[in-house]
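Notes for the structure review
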Amino acid sequence: MRPARIACLLALLALLAAAPSASVADGVADYEQAVAQAKQRWRDSPYGPMLERILPPGFEPAMLPAPRSRGAALTVRYCVQCHNLPNPAMHQAAKWPKVVERMAARMRGNGNMGRLMHEMMAGVAAPSKEEERVLLDYLRRYGQKPLDPRKYPEAFTPRGEPFRLACRQCHVLPDPKRHTAQEWRAVVARMEKNMDWMNRVVGSQPDPDEPQLRIEDINAFLAKYAKKAP
Ligand code: HEC
Ligand code: HEC
């Protein structure tokens, strides 16, 4: 296990004394409050700074797709108990089952630390099997669309390298047709922040092998294949 991952698991210790489970968000207006309450609990723990780095804060409840769906409500209920709100578009449909399985095991206290974890997790609410299925359907439906290598061979040439190396570190390479060139500039700027945020693991050394971030080359590559602006 990487030290960062061990550190994350240790961070769960912080949830030992967690307060009662998150209130169910009945409507969109309640989401912000539910997320803020959950966040305060994990952030105030001694491991708060580390839990805070697991996912970046930029994705807000108001940005959830189909916000009135049950899937969105369950995401707000269960997925903010230990870290910031996950975006369904972060991962492609094929990736979500394994991630949800890992998270659900943690919530049920069946993580890889067995009984100890179970006792630590006393304050964390876990989804029923049925809720887990709805959650997974939701995440998959609004998931990322991966780049098709046959359609964009340039991504795998030296010219595509700045994009390829930078943009596959946390999720699959996204389909360039997802956004217009202008939208991509904003998304890439947000990803730059995500990188700053998520790479700053407490106590880690800067990695000399980390690829240089060449934002202009990345934007040029995406603009070439982007969705045409209407
Ligand atoms: C009991 C605490 C806990 C809950 C609740 C939780 N997570 Fe996590 N999550 C973690 C920890 C710890 C990590 C970092 C280690 C890892 O990646 O497994 C993490 C990491 C992640 C990541 C980043 C890693 C990756 O594979 O991309 C995503 C995405 C994620 N969680 C999604 C979710 C979703 C979706 C839910 C709700 C179904 C959820 N989490 C609920 C503890 C939790
Ligand atoms: C440090 C991890 C990380 C890296 C590296 C990263 N992303 Fe992301 N990406 C995320 C996270 C976290 C989300 C979900 C939260 C969000 O949308 O900001 C996401 C979501 C996305 C989405 C879906 C959201 C949308 O608005 O369409 C796209 C597309 C995307 N990333 C493209 C990129 C591109 C292009 C790059 C390379 C410049 C990149 N990502 C590099 C972490 C990363």
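Below, the structure is looked at part by part. Note that the structure is a prediction, hence the values are computed from the model and not measured.

Tallying secondary structure elements over the protein gives ten helices and zero strands in all. When the helices and strands of the protein are placed in sequence order, the string is α-α-α-α-α-α-α-α-α-α. The buried share of the protein, reckoned over its 230 residues, is 30%. In the protein, the proportion of contacts linking residues at least 24 apart, taken out of those at least 6 apart, comes to 79%.

Moving on, we come to the site of ligand 2. Taken together, 23 residues surround ligand 2, and among them N87, A89, M90, C167 and C170 come closest. Secondary-structure elements contributing two or more residues to the shell around ligand 2 are α8 (161-167) and α9 (181-199). Per-element tally for the shell around ligand 2: the top contributor is α9, with seven residues. Along the lines of polarity and charge, the residues of the shell around ligand 2 split into 15 nonpolar, six polar and two charged.

Positionally, N194 belongs in helix α9. For N194, a count of 18 C-beta atoms within 10 Å puts it in the partly exposed group. Between the C-alpha atoms of N194 and P57, which are 137 residues apart in sequence, the distance is 8.4 Å. Residues within four places of N194 in sequence aside, it is in contact with P56 and G58.

Right, let's get into the site of ligand 1. Every one of the 20 residues lining ligand 1 counts as a neighbour, but C79, Q81, C82, M103 and R106 are closest to it. Listing elements by their share of the shell around ligand 1, those giving two or more residues are α1 (3-11) and α5 (96-107). If you tally residues by element for the shell around ligand 1, the top one is α5, at six residues. Residue classes in the shell around ligand 1 are distributed as 15 nonpolar, two polar and three charged.

For the rest of this paragraph, the subject is unusual backbone geometry. Within the chain, A66 stands out as a residue other than glycine whose phi angle is a positive 40°. With respect to the helices and strands, A66 occurs in the loop between α3 (48-54) and α4 (70-78). We classify A66 as exposed; it has 12 C-beta atoms within 10 Å.

For the rest of this paragraph, the subject is the environment of R141. Assignment of secondary structure puts R141 in helix α7 (residues 129-141). Considering only alpha carbons, one finds R141 and A93, 48 residues apart in sequence, at a separation of 6.9 Å.

Analysis parameters
Residues numbered from 1 in each chain as written. Chains lettered and ligands numbered in written order. Predicted model: local features only at pLDDT ≥ 70, side-chain atom pairs only at ≥ 80, totals over all residues. Helix = DSSP H or I, 4+ residues; strand = E, 2+ residues; numbered from the N terminus. Buried ≥ 20, exposed ≤ 12 C-beta atoms within 10 Å, placed from the backbone. Contact = placed C-beta atoms within 7 Å. Near = placed C-beta within 6 Å. Nonpolar A, V, L, I, M, F, W, Y, C, P; charged D, E, K, R; others polar.

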